[in-house]
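Summary of the model geometry
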Amino acid sequence: MQIFGFLGSWLGYILWGIFYLFKNFSVSIILFTVLVRLLMFPFTIKQQKTMAKTSKLSKKQKEIQEKYANNREKMQEEMNKLYEKENVKPGGGCLTMIVPLIVLLGVFYAVSYPLSNTLHLDSDSINSAIAYVDTIPGYASSIGSTYQEISFLRIFPNIMNTEAIQGIFSSSDISTIEMFYNGFNTFGVDLLSVPREYGLLSPMILFPVLCFLSNVLSQVITTKLNGNQAAQQQQGCMKAMIYILPLFSAYIAYTVPAAVGFYWIVSALISLVQSIFISKIYSPTQITAKSEAQHIALMYENEAKVPYVYAPHELKSAKNSKSKNTGKKKK
């Protein structure tokens, strides 16, 4: 988890820079997520190309598996030949999937730990402030440690003038925290509020609901955009995961400050827009067709490099053979 905190700290500088310009957390989170997606775009394209190659090989792989079902050693040997022939590296797409995942987790840490990773306040001061809040009746945080910093921001205006807080943070830090707090009250909604505290009939329930719908929509449409074959390969538990993970995210969004749910909604929608854009330009069909065209062009290029050798004896032999055949036909 330490690597995500480290990455979240670096990404937090970007988030803070955007927030400092707009003084609005909602706008900042949208621009910040778009910027991170743009930075990860080359990895996304690489992943799309890997998926296209894998889809192309799936039929041949199935034929090899059926042909050598009783001989695993021969099956693996033929698989390796296929990978070498098609210039595909097994597991080559892992890096393109892992790097964006690590970065997105870093983004999550930048959002979830605003005092540490966005404002970059002293960790001892943050821990002391949270410990102090836990001693105040009625202010003790009821959410997990992951979201304690967001919870602290929520009550900060009520305790910012106390001697304890004045002794923990400098006047400059207090002014910065206060400015950051004011940025969460945007569009008439307090993103530091917890939907669970308002009940199921409150407008705040829209955050977990939209969190669920946006994630399901993003996954379903992305799967369809990647082709019917990918959709058919998802069976049983894989199809269930399309709904289970978003449902779990919605539950978390219901029990933590709305800022977290808002980030997940924005991230899912931007991911969906990115998938649609990529499908138009880098669809599996287009990538496969381009790959085939490049393969054919390479074959012609290699043939052109083969030097021409004049062989008169072969030409004479061919003429004699032709003459004999002609004579036989006349007879």
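Residues numbered from 1 in each chain as written. Predicted model: local features only at pLDDT ≥ 70, side-chain atom pairs only at ≥ 80, totals over all residues. Heavy atoms only, no water.

So, on to the overall build of the chain. In terms of helices and strands, the chain carries 16 helices and two strands. Among the 331 residues that make up the chain, the fraction classed as buried is 39%. Across the chain, the fraction of contacts at a sequence separation of at least 24, relative to all contacts at a separation of at least 6, is 72%. Counting only carbon and sulfur atoms, one obtains 61% of the accessible surface of the chain, whose full area is about 20,200 Å². (Helix = DSSP H or I, 4+ residues; strand = E, 2+ residues; numbered from the N terminus. Buried < 20%, exposed > 50% of the residue type's maximum accessible area, 1.4 Å probe, protein only. Contact = heavy atoms within 4.5 Å. Areas by Shrake-Rupley, 256 points an atom, 1.4 Å probe, with all protein chains shown as cover.)

Where helix H7 (residues 123-134) meets helix H8 (residues 148-159), the closest approach of the two axes is 11 Å, and the angle between their N-to-C directions is 70°. Relative to H8, the element H7 is oriented roughly perpendicular. The interaxial crossing formed by H7 with H8 has left-handed handedness. On H8, the residues that touch Ile 126, Ala 129, Ile 130, Val 133 and Asp 134 of H7 are Gln 148, Glu 149, Phe 152, Ile 155 and Ile 159. Class assignment of the residues belonging to the contact of H7 with H8 gives a composition of seven nonpolar, one polar and two charged. (Axes fitted to C-alpha atoms, helices over the stretch in contact; angles between N-to-C directions. Parallel < 35°, antiparallel > 145°, perpendicular 65-115°, else oblique. Left-handed = near helix turned anticlockwise from the far one by under 90°. Nonpolar A, V, L, I, M, F, W, Y, C, P; charged D, E, K, R; others polar.)

Take the nonpolar core next. If you look at the biggest cluster of nonpolar residues, it comprises 57 residues, and the most contacted ones within it are Phe 25, Ile 29, Phe 152 and Trp 264. Looking at this core element by element, the count peaks at nine residues for helix H14 (residues 258-281). Once you skip the residues sitting within four places of it in the chain, Phe 152 turns out to touch Leu 115, Ala 129, Val 133, Ile 159, Ile 165 and Phe 169. Listed in part, the seven residues of the second largest apolar core include Tyr 68, Met 75, Met 79 and Leu 82. (Core = buried A, V, L, I, M, F, W, Y, C linked by side-chain atoms within 4.5 Å.)

As a further point, take the side chain of Ser 9. Take Ser 9: it is sitting in helix H1 (residues 2-22). Note on Ser 9: relative accessible area 18%, which makes it buried.

Another aspect to go through is the packing of aromatic side chains. A complete count under the given rule lists 16 aromatic pairs for this structure. Pairing Phe 108 with Tyr 147 gives two aromatic rings, centres 6.4 Å apart and planes at 85°, and the pair type is edge-to-face. Placement of Phe 108 in helix H5 (residues 94-112) and of Tyr 147 in the loop between H7 and H8 is noted, with a sequence separation of 39 residues between them. Classification of Phe 108 as buried rests on a relative accessible area of 14%. For Tyr 147, a relative accessible area of 10% gives the class buried. With a centroid separation of 5.8 Å and 55° between ring planes, the pair formed by Phe 152 and Phe 156 is classed as tilted. (Phe/Tyr/Trp six-rings, centres within 6.5 Å; stacked < 30°, edge-to-face > 60°.)

The subject of this paragraph is the pattern of salt bridges. Scanning the entire structure with this criterion turns up one salt bridge. Among the ionic pairs, Arg 154 bridges to Glu 197, the shortest N-O distance being 2.8 Å. Here Arg 154, found in helix H8, pairs with Glu 197, found in the loop between strand S2 (189-190) and helix H11 (206-225); they are 43 residues apart in sequence, far enough to count as distant. (Salt bridge = Lys/Arg side-chain N within 4 Å of Asp/Glu carboxyl O.)

Bear in mind that shape data such as this cannot, by itself, settle questions of function.
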